Amino acid sequence: MPTRTEERRALLSKQEFFAELDDRALDELIQVSRIETVEARAELYHKGDEAHQIYVILSGRLKVIASSPEGEDVVFSIMQPGEVIGEVALFAKTPRSGTVVALEESDLLVFHRRDFMAFLERHPRTALKVSEVLAGRIVR
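Not measured: the values here are computed from a predicted model. (Residues numbered from 1 in each chain as written. Predicted model: local features only at pLDDT ≥ 70, side-chain atom pairs only at ≥ 80, totals over all residues. Heavy atoms only, no water.)

### Some details on the environment of Glu-70
Part 1 of the reasoning: Take Glu-70: it is sitting in the loop between β4 (62-67) and β5 (73-79).
Part 2 of the reasoning: Sequence separation between Glu-70 and Phe-17 is 53 residues, and the spatial gap between their C-alpha atoms is 36 Å. (Helix = DSSP H or I, 4+ residues; strand = E, 2+ residues; numbered from the N terminus.)

Below, the structure written as structure tokens:
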């Protein structure tokens, strides 16, 4: 039966940011994380909030929304387990660009900015991969 660390390692290794990390580096990353549960229909964060964390979805689904000029919610994306949330504002040091709401109870692996940046300093290949992924998203 897999342990929680093994499950988290397997999930992170499938994420494009972390796919090139070995088990030791993945375990180091897991050690600087914590788990947060977001109840169904609760906000993880609101558009305009400061960005201090990056999240990886362990279970559940969340939606990224913003309000239209008419005041209606516009759904930008539905996020699934294994996906990363909040990375753009974290790296850009800008306020959150959308509101994230849990569609169902969701468990998230949470990394505080200072811990995540320190990890990237120790793992420059991962920092380059993160830059590559973010640049690709901008192009798309």
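### Thoughts on unusual backbone geometry
Part 1 of the reasoning: The residue Arg-41 is not glycine, and still its phi comes out positive at about 70 degrees.
Part 2 of the reasoning: Tracing the backbone through its elements, the reader meets Arg-41 in the loop between β1 (33-38) and β2 (43-45).
Part 3 of the reasoning: Residue classification places Arg-41 among the exposed residues on the basis of a relative accessible area of 70%.
Part 4 of the reasoning: The phi dihedral of Lys-93 is positive, around 55 degrees, even though this residue is not glycine.
Part 5 of the reasoning: You can see Lys-93 is positioned in the loop between α3 (87-92) and β7 (99-102). (Buried < 20%, exposed > 50% of the residue type's maximum accessible area, 1.4 Å probe, protein only.)

### Structural notes on the pattern of salt bridges
Part 1 of the reasoning: Enumeration over the complete set of coordinates arrives at seven salt bridges.
Part 2 of the reasoning: In this structure, the salt-bridge partner of Glu-104 is Arg-61, at a minimum N-O distance of 3.4 Å. You can see Glu-104 sitting in the loop between β7 and β8 (106-112) and its partner Arg-61 sitting in the loop between β3 (53-59) and β4, a full 43 residues away along the chain.
Part 3 of the reasoning: The residue Glu-132 makes a salt bridge to Lys-129 at a minimum N-O spacing of 3.1 Å. (Salt bridge = Lys/Arg side-chain N within 4 Å of Asp/Glu carboxyl O.)

### Remarks on the side chain of Ser-106
Part 1 of the reasoning: Mapped onto the secondary structure, Ser-106 falls in strand β8.
Part 2 of the reasoning: Given a relative accessible area of 0%, Ser-106 falls into the buried group.
Part 3 of the reasoning: Within the structure, the side chain of Ser-106 is placed 3.4 Å from the backbone nitrogen of Arg-61, a separation counted as a polar contact.
Part 4 of the reasoning: Beyond its immediate stretch of four places on either side in the chain, Ser-106 contacts Glu-36, Thr-37, Val-38, Ser-59, Gly-60, Arg-61 and Leu-62. (Polar contact = N/O pair within 3.5 Å; in protein donor to acceptor, adjacent residues only side chain to side chain. Contact = heavy atoms within 4.5 Å.)

### Thoughts on the pairing of β4
Part 1 of the reasoning: In the sheet, β4 pairs with β5 via six bridges, with the strands oriented antiparallel. In the strand pairing of β5, Ile-65 is matched with Val-75.
Part 2 of the reasoning: Here β4 runs beside β7; their pairing, made up of four bridges, is antiparallel. Considered in β7, the bridge of Ile-65 is made with Thr-99. (Pairing = 2+ DSSP bridges.)

Note that all results are geometric; they support no functional claim without further evidence.
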